[in-house]
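# Structural overview for review
Take a look at the letters that make up each chain.
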Amino acid sequence: MWNMNLPYILVTAFLLLISCKHVILHEIKEWKSCHFASSCRCQNVPRSGNIIADCSGKELLRIPKLPHNLQKLFLQNNNISRIEDGIFKDSSLLTTLDLSLNRISYLRKNSFKGLQNLISLNLSNNDLKYENKSFEISAFNFLENLKSLNLKRNVNTSFVPDLWKLRSLELLSIDYIVDKIAILDEKFSNLKKLTGIDLSGITGNCKMTILTKKTFVFLPQITHLNLSKCKIQHIFKGTFAILRNISNLDVSLNTCLRFETLENITTDLQYSAIKILKVNNIHSIFGMPTVLNISHIWNLKNTSLERFEAAGNRIQRIEFGMVQYLPPSLTSADVGDNIFSLGKYVLDLQFMPITSLEISDNFSPHNVFNSYVEECPLREENVTINLINNFFFNELPLFEIWKNISAFPVPGKLKKVLFKSNYMNSEIPSLGFMANELNYLSLSDNVLHTWTGPVTNIKRLTDLDLSANFCSNISKNFFNADFINLRSLLLQNNLLGLVLPTDVDGEIFQNLKNVGYINLSTNKIANIPYLVFKEQHNLERLDLSENMIDGINFKISHMRKLMFLNVRNNRISTLSQYAMNELDSIAKYNKNLTIDLSGNNLVCNCDSLSFVKWIVNTPTHFHLLEKYECKTSKNTLSLFRNPREVYETLQKECMSYESLIIGVSTGILMFIFILCGGMIYRYRWKLRYLYYMVKVKWRDPEHNSDNKDERLYMYDAFVSYANEDDTFVHHKLLNNLEKNGNIQLCLHRRNFLPGNDIATNITSAIHNSRKTIVIMSPSYLASYWCMFEYNMAKMESIYERNCENILFLVFYEQMSACDLPLKIMELVHCQSYIEYPNDEYGDVVFWEQLQKAIKSY
């Protein structure tokens, strides 16, 4: 990238307008057909009255007649072969013109007449020959304010057109092909404002075999120089010495240079304004390993270098002590795509001044056939191909060496580290770092299969990328309290589906209380325990896509900041009521909550009607809802372009069946319930009697007899009375019937067997007594057990005594008919009863009659 002086920033801006036109077009709100050419699209420039015209890719054969208020014109990728004289005579406001990818073969004197305010011109990828047949001497005379000119990828010659009239030119992009010593001659001496020159073979054609002190002698003012992929074989010392203002130099992809040439480059730059130096791939990717020596870079100590790139040079190690020769201004370095082994130089890392370090793609297995390999002159030390990339690699795994270091050395100001795609096969053991300011760490695309930890002294870390590591095991102590400030955690493309289901208490992520983004996609996760994310109150984005999840059963309602939940391409058929409630509870606080359910096996049937209704009514947003597919009961796929219509259709289909089933089922259940209730109530005393009789006969089988007439009873009568009347029973009734009348009575206070329940004792006493005497009084009617005895005696007479009258009512107190229950009134009306007279003469008659009644059969 070009760097930082103000004039050059302006030039770069115009280049970006050309090369990234699609970005510009994206920002424009409304296009319409141009009035001067219907195939072109135009847009007004706000607050200026000017227009921008896009005529690219329209197969135009010529440039249309242009309006006077045109500001920018894009004509690339057409079939234009010539520029008519005077076509731009009324286009004095035009500042940007792109004619690339056409068939222009000739530039005439008046081709650009009227473009005195043009700032950027792109003529790349045409048929221009770098000779007088294509360029008239005065072809560029009218472009007096042109700042950027691109002539890349025209016919391959070393001819440079006459540009001396372009006194305002700041950036020039041209091809340059010469088989011997390259010299940018005196034609460039008049371009005093030219600060950037792009000769790169990446975007054009470049061949500069040898660079010497004379190559740039006419361009001492250059600040930005791109010589990448120019097939340079040697750079002599002094080549860049004249370029005191150089701030950005790129000599990458010149693999015939060999790494030792770096010393010549840095020697020339020691007193320059260099800020960015790129020497990527200046050594053959299949050559012998190299060493970054102090001599290669020691001259940079006297510069203000900020970024250094030396990727793809098969660097195996760095000379110990080299760090002290790095300039204090160095903040960024890229030494990826090398073959570093461990050595003593690792201890030097802590003294490096950098804040950003990229050391990715070590031991990259370059494709022998597709990799860029130059044909270089044979040298004695040259080795064409070395297929064993890690031939010199220390066999001890990296973390094995770290175990012997109490704290791993890192630069004190380091903030960003990229350590990706290094084929590291190891666990992450307990590891501590020296004091640092690290906030971004990427270890993705390795084979760090087990994360044991803990990793400490990284309290400033905000972004961690551990994706694509085949990890299947995370210790519950790995994400310890030092990860408190972590905001972004990338864990996709691992095998965490083997360990997360075991974390039922949510201990793995419990210390990540400030994390805002977690990516767990493509981890073969089938089940997520309820409490896995219990401490993620600040989570804003959660990506669980490309897994095997069949439902959202984990707790999320506490994530009130959640904005996007991605469960795309899982196995979800419908959301449970719990999941819908959880999402709705978040949506109450966060109106921007969005969920992506696309690519799941959603079903639309009567069972999922509530889910479809939720989609219609929930405040939760759905990402690309119109693309959701839903399988119906007829195995057809329904798209959710209109969810309400889908719901209403489904509701009609399900309503008849649902209401009928519910109505019939309810009716049947109510009928059965009422019938059973009525039967139980109607025969409640019979059922109770039968139940207790079974218990009596099971406990006392000797009293059972099939012949009822020959049955012997234990008692002549069972006396049923209330406790309030026990004085009458135990004094008068007992004396007159049992003592005087020789009648054996059964009284509950005297004759009930201890240990048996009351109901069983009552039933047994009635069953084993010839008669039952009821001492009727208000207290009797108020007693539950007295009424129980009365009903059991009735059941005994009906079901055991063939409706024999075994009940005798004795009204101990005067009672009116309205005080008696209906069932007792029935007995009074159909059977005899006796009242206790409570006087001297009447008592004698009362007891005589009662004795006769009990003794009668």
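Scope of this entry: the structure provided in the associated data block. Model, not experiment: these values are computed from the prediction. (Residues numbered from 1 in each chain as written. Predicted model: local features only at pLDDT ≥ 70, side-chain atom pairs only at ≥ 80, totals over all residues. Heavy atoms only, no water.)

## A closer look at the overall build of the protein chain
- The secondary structure content of the protein chain amounts to 16 helices and 42 strands.
- Burial statistics for the protein chain: of 857 residues in total, 52% are counted as buried.
- Partitioning the intrachain contacts of the protein chain with sequence separation of at least 6 by distance along the chain shows that 68% fall at a separation of at least 24.
- Working note: accessible area of the protein chain is about 41,300 Å², and carbon and sulfur atoms make up 54% of it. (Helix = DSSP H or I, 4+ residues; strand = E, 2+ residues; numbered from the N terminus. Buried < 20%, exposed > 50% of the residue type's maximum accessible area, 1.4 Å probe, protein only. Contact = heavy atoms within 4.5 Å. Areas by Shrake-Rupley, 256 points an atom, 1.4 Å probe, with all protein chains shown as cover.)

## Structural notes on the packing of aromatic side chains
- Counted by the stated rule, this structure contains 27 aromatic pairs.
- Seen from their ring centres, phenylalanine 112 and phenylalanine 140 are 6.2 Å apart, and the 10° between their planes marks the pair as stacked. Taken together, the positions of phenylalanine 112 in the loop between β5 (96-98) and β6 (120-122) and phenylalanine 140 in the loop between β6 and β7 (148-150) put the pair 28 residues apart, joining distant regions of the chain. For the pair phenylalanine 112 and phenylalanine 140, a shared accessibility class is recorded, and that class is buried.
- Between phenylalanine 478 and phenylalanine 479, the aromatic rings sit 4.9 Å apart at their centres with planes inclined by 85°, giving edge-to-face as the arrangement. (Phe/Tyr/Trp six-rings, centres within 6.5 Å; stacked < 30°, edge-to-face > 60°.)

## Let's talk about the state of the cysteines
- Summed over the entire model, instances satisfying the criterion amount to 4 disulfides.
- Here cysteine 34 is linked by a disulfide to cysteine 42, with a sulfur-sulfur distance of 1.9 Å. Its S-S torsion of about 110° marks the bond between cysteine 34 and cysteine 42 as right-handed, since a negative value means left-handed.
- Paired by a disulfide, cysteine 40 and cysteine 55 hold their sulfur atoms 2.0 Å apart. Handedness here is read from the sign of the S-S torsion; for cysteine 40 and cysteine 55, about 120°, the answer is right-handed. Of this pair, cysteine 40 sits in the loop between β1 (32-33) and β2 (41-44) while cysteine 55 sits in the loop between β3 (51-54) and β4 (70-74), and the two are 15 residues apart along the sequence. Comparing cysteine 40 with cysteine 55 shows no difference in burial state: the two are buried. (Disulfide = S-S within 2.5 Å.)

## Observations concerning helix α6 (residues 577-587)
- Regarding α6, the residues found buried are Ala579, Met580, Glu582, Leu583, Asp584, Ile586 and Ala587.
- Next to the buried residues of α6 lie β32 (564-566), β33 (594-596) and α7 (609-617).

## What to know about the sheet that holds strand β28 (residues 473-474)
- If you trace the 3 strands from one edge of the open sheet to the other, you get β22-β25-β28, paired in parallel fashion. Where the open sheet ends on each side, the last strands, each with one partner, are β22 (425-428) and β28.
- Here β22 runs beside strand β25 (residues 447-451); their pairing, made up of 4 bridges, is parallel. Considered in β25, the bridge of serine 426 is made with leucine 448. (Pairing = 2+ DSSP bridges.)

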